[in-house]
Amino acid sequence: MEASEDIKFTVIVHNNESKETEVEIRHAETTDGIPYYICKVEGKEAQIRKDEKWEQIWGSLTHKQVDELGAAISKHLDTL
C-alpha cells in the first residue's frame, strides 16, 4: 500500500540498546512525488527516505538510528 500525504503514526525504536523511544512520523512527498518521512526524535526533526536503503536527507541522526527508524517505518507500512 502506498502512503498518503496525510499519514501520521508513531513507532518505537531502541535508543542506546536499552531505552525505547517513541518517534512521531509524518509522510511527505517531494514536488516530483518521491516519498520521504519527517521524524520527530526527542524533540528534534529529521527527514529520511528509502532508495536502495534508508538514508537521511536532513537532520543529525546516526546511521544506526536511520536504519532502526527505516525498519520501523517499513514494518508499520507493511501492516497497512
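Residues numbered from 1 in each chain as written. Predicted model: local features only at pLDDT ≥ 70, side-chain atom pairs only at ≥ 80, totals over all residues. Heavy atoms only, no water.

Trainee: Let's hear about the pattern of salt bridges: which residues, and what values?
Mentor: Considering all chains together, one arrives at 2 salt bridges under this definition. Taking the shortest distance from any N to any O, the salt bridge between Asp-51 and Arg-49 comes out at 3.2 Å. (Salt bridge = Lys/Arg side-chain N within 4 Å of Asp/Glu carboxyl O.)

Trainee: For the nonpolar core, give the residues involved together with the corresponding values.
Mentor: Counting 18 residues, the largest nonpolar core has Val-23, Ile-25, Tyr-37, Cys-39, Ile-48, Leu-69 and Ile-73 as its most contacted members. For this core, the secondary-structure elements that each account for two or more residues are β1 (8-15), β2 (19-29), β3 (35-41), β4 (44-50) and α1 (63-78). Take this core: its biggest share by element is 5 residues, from α1. For Cys-39, the contacting residues outside a window of four places in its chain are Val-23, Glu-24, Ile-25, Lys-44, Glu-45, Ala-46, Ile-48, Leu-69 and Ile-73. (Core = buried A, V, L, I, M, F, W, Y, C linked by side-chain atoms within 4.5 Å. Buried < 20%, exposed > 50% of the residue type's maximum accessible area, 1.4 Å probe, protein only. Helix = DSSP H or I, 4+ residues; strand = E, 2+ residues; numbered from the N terminus. Contact = heavy atoms within 4.5 Å.)

Trainee: An account of the pairing of strand β5 (residues 54-58) is requested, with residue identities and associated values reported.
Mentor: When β4 meets β5, the two strands line up antiparallel, connected through 4 bridges. Within β5, the residue paired with Ile-48 across the bridge is Gln-56. (Pairing = 2+ DSSP bridges.)

Trainee: Tell me about the pairing of β2, residues and numbers included.
Mentor: One ladder, built from 6 bridges, connects β2 with β3; its direction is antiparallel. Across the sheet, the residue bridging to Glu-29 is Pro-35, located in β3. From the end of β2 to the start of β3, which pair antiparallel, there are 5 residues, and Gly-33 there has a positive phi angle of about 85 degrees.

Trainee: Residues and numbers for unusual backbone geometry, please.
Mentor: Non-glycine residue Glu-42 carries a positive phi angle of around 50 degrees. Structurally, the position occupied by Glu-42 is in the loop between β3 and β4.

Trainee: Break down the environment of Val-23 for me, with residues and values.
Mentor: If you trace the backbone, Val-23 turns up in strand β2. Sequence-wise, Val-23 and Leu-69 are 46 residues apart; in three dimensions their C-alpha atoms are separated by 8.4 Å. For Val-23, the contacting residues outside a window of four places in its chain are Phe-9, Thr-10, Val-11, Val-13, Cys-39, Lys-40, Val-41 and Leu-69.

Trainee: Which residues make up the environment of Tyr-36, and what values do they have?
Mentor: With respect to the helices and strands, Tyr-36 occurs in strand β3. Spatially, the C-alpha atom of Tyr-36 lies 4.4 Å from that of Arg-49, the residues being 13 residues apart in sequence. Beyond its immediate chain neighbours, meaning those up to four positions away, Tyr-36 contacts Arg-26, His-27, Ala-28, Glu-29, Thr-30, Gln-47, Ile-48, Arg-49 and Ile-57.

Any functional reading would require information beyond the geometric quantities listed.
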